[in-house]
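Chain by chain, the residues:
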Amino acid sequence: MEEEARAVKEVAKSTGKAIDVAREAGGFIARFVSGPLEQGIGIFEDRLRYMRWERQVRLMQRAQEFLRLGGLSAPTRPVPLNLLIPIMQGASLEEDDDLQDRWAALLVNAANANFHSEVRRSYAAILEQLTPLDAHILDVLYSLPFEMSQHDGITTGELPVRARIKEEKEQEFPLPSEEVVISHSNLARLGCLLPGMTWGGGEIFGRVNPTVAGKSFVEACRPYGT
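One structure accompanies this document, and this report is about it. (Residues numbered from 1 in each chain as written. Predicted model: local features only at pLDDT ≥ 70, side-chain atom pairs only at ≥ 80, totals over all residues. Heavy atoms only, no water.)

**Overview of the overall build of the protein chain**
We apply this condition: Each helix is a run of H or I in the DSSP string that is no shorter than four residues. Each strand is a run of E no shorter than two, and both are numbered from the N terminus. For every residue, the accessible area (1.4 Å probe, protein chains only) is compared with the maximum for its type, and the residue is labelled buried under 20%, exposed over 50%, or partly exposed between those bounds. What sets the accessible areas is the Shrake-Rupley method with a 1.4 Å probe; for residues, cover comes only from the shown protein chains.
The number of helices and strands found in the protein chain is 9 helices and 4 strands. Each helix and strand of the protein chain, placed in order from N terminus to C terminus, yields the pattern α-α-α-α-α-α-α-β-β-α-β-β-α. Taken across its 226 residues, the protein chain has 38% of its residues classed as buried. When the accessible surface of the protein chain is summed, it comes to about 13700 Å², and 56% of that surface belongs to carbon and sulfur atoms.

**Here's the deal with the pairing of strand β3 (residues 193–197)**
The condition that has to hold: Here, strands pair whenever DSSP counts at least two bridges between them.
When β3 meets strand β4 (residues 203–210), the two strands line up antiparallel, connected through 5 bridges. When the sheet's bridge partners are listed, leucine 193 is paired in β4 with proline 210.

**Focus: the nonpolar core**
Keep this limit in mind: Only buried residues count toward a nonpolar core. Its members are Ala, Val, Leu, Ile, Met, Phe, Trp, Tyr and Cys residues joined through side-chain atoms within 4.5 Å. Any pair of residues with heavy atoms lying within 4.5 Å of one another is described as a contacting pair.
Trp103, Leu106, Leu127, Leu130, Leu138, Leu141 and Phe217 are the most contacted members of the largest nonpolar core, which totals 49 residues. Looking at this core, the elements with two or more residues in it are α2 (37–69), α3 (81–93), α4 (97–110), α5 (121–127), α6 (132–141), α8 (178–189), β4 and α9 (212–220). Beyond its immediate chain neighbours, meaning those up to four positions away, leucine 130 contacts Leu99, Leu138, Asn186, Leu187, Leu190 and Phe217.

**Here's the deal with the sheet that holds β4**
Backbone-to-backbone hydrogen bonds join strands into a sheet, with any given pair of strands oriented parallel or antiparallel. Sheet architecture is open: 4 strands sit in the order β2-β1-β4-β3, paired in antiparallel fashion. Looking at the sheet topology across the chains shown, the edges are occupied by β2 (164–165) and β3.

**Thoughts on the packing of aromatic side chains**
Spelled out, the test is: Each pair of aromatic rings taken from Phe, Tyr and Trp, with Trp reduced to its six-membered ring, is defined by centres within 6.5 Å and is described as stacked if the planes are under 30 degrees apart, edge-to-face if over 60, and tilted in the remaining cases.
Scanning the model with the defined rule gives 3 aromatic pairs in all. Between the aromatic rings of tyrosine 123 and phenylalanine 217, the centroid separation amounts to 5.7 Å while the plane-to-plane angle is 70 degrees, which identifies the pairing as edge-to-face. One end of the pair, tyrosine 123, is in helix α5; the other, phenylalanine 217, is in helix α9, and 94 residues separate them in sequence. There is no split in this pair, since tyrosine 123 and phenylalanine 217 are both buried.

**Structural notes on the state of the cysteines**
Counted only if it meets this: The rule for a disulfide is simple: a pair of cysteine sulfur atoms within 2.5 Å.
Under the defined criterion, the tally for this structure stands at 0 disulfides. Sulfur of cysteine 192: no disulfide; nearest cysteine sulfur belongs to cysteine 221 and is 8.8 Å away. Here cysteine 192 falls in the buried class, since its relative accessible area comes to 1%.

**A word on the environment of arginine 121**
Among the structural elements, arginine 121 can be located in helix α5. On the accessibility criterion, arginine 121 (56% relative accessible area) is exposed. Arginine 121 sits 37 residues away from leucine 84 along the chain, and the two C-alpha atoms are 9.0 Å apart. For arginine 121, the residues in contact, after removing those within four places along its chain, are Asn82 and Leu83.

**Let's talk about the pairing of β4**
Here strand β1 (residues 154–155) runs beside β4; their pairing, made up of 2 bridges, is antiparallel. Looking at the pairing, isoleucine 154 lines up with valine 208 of β4.

**A look at the environment of leucine 133**
Structurally, leucine 133 is set in helix α6. Each residue touching leucine 133, except ones within four places of it in the same chain, is listed here: Pro160, Glu179 and Ser183.

In structure tokens, the structure reads:
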């Protein structure tokens, strides 16, 4: 009984916070539409509900398409709830179509018994922290032959347009734009690439190396068979 009472209190506390957020957002909107607080809350809740529903519908459509691309008519293995729920939540909040396609691919690969590697829970946590630029840079970096780029390194000065494997005698590595450098820093934080290092331990983002973890993540977010 004590555990149930504590659980009820926690639910009530969470519900109260959600109500406070909706009220605050509704009040903010009401100021701009010159209407009562209730009208602002209604606009906020209806729009949020519709946006999530719209994105969920698109996710289901894209997942069905990716199943067909993989030669499947239905999932061939169950997706654990501790992976399914983060994917559904992340995908329903993602407004960028390209990034949402990666969520759909991640879901389908998790449900495909023929997918060659494990779809880990951490992939959902990584994906929700990517910008469209981050995702594009990963595509460019991991389109290069992994066995070579993993050890030789990749020069990034021409990103986001292109990247190339470092040549043997190459010593100078021009930096890409500041925007790309910041993207590299985020991808390094997530374990998707390794920056070059100075003798003093500083990061050099003019040259990077892909990682095994990054390769597995990128593959898990691509439609099976593409």
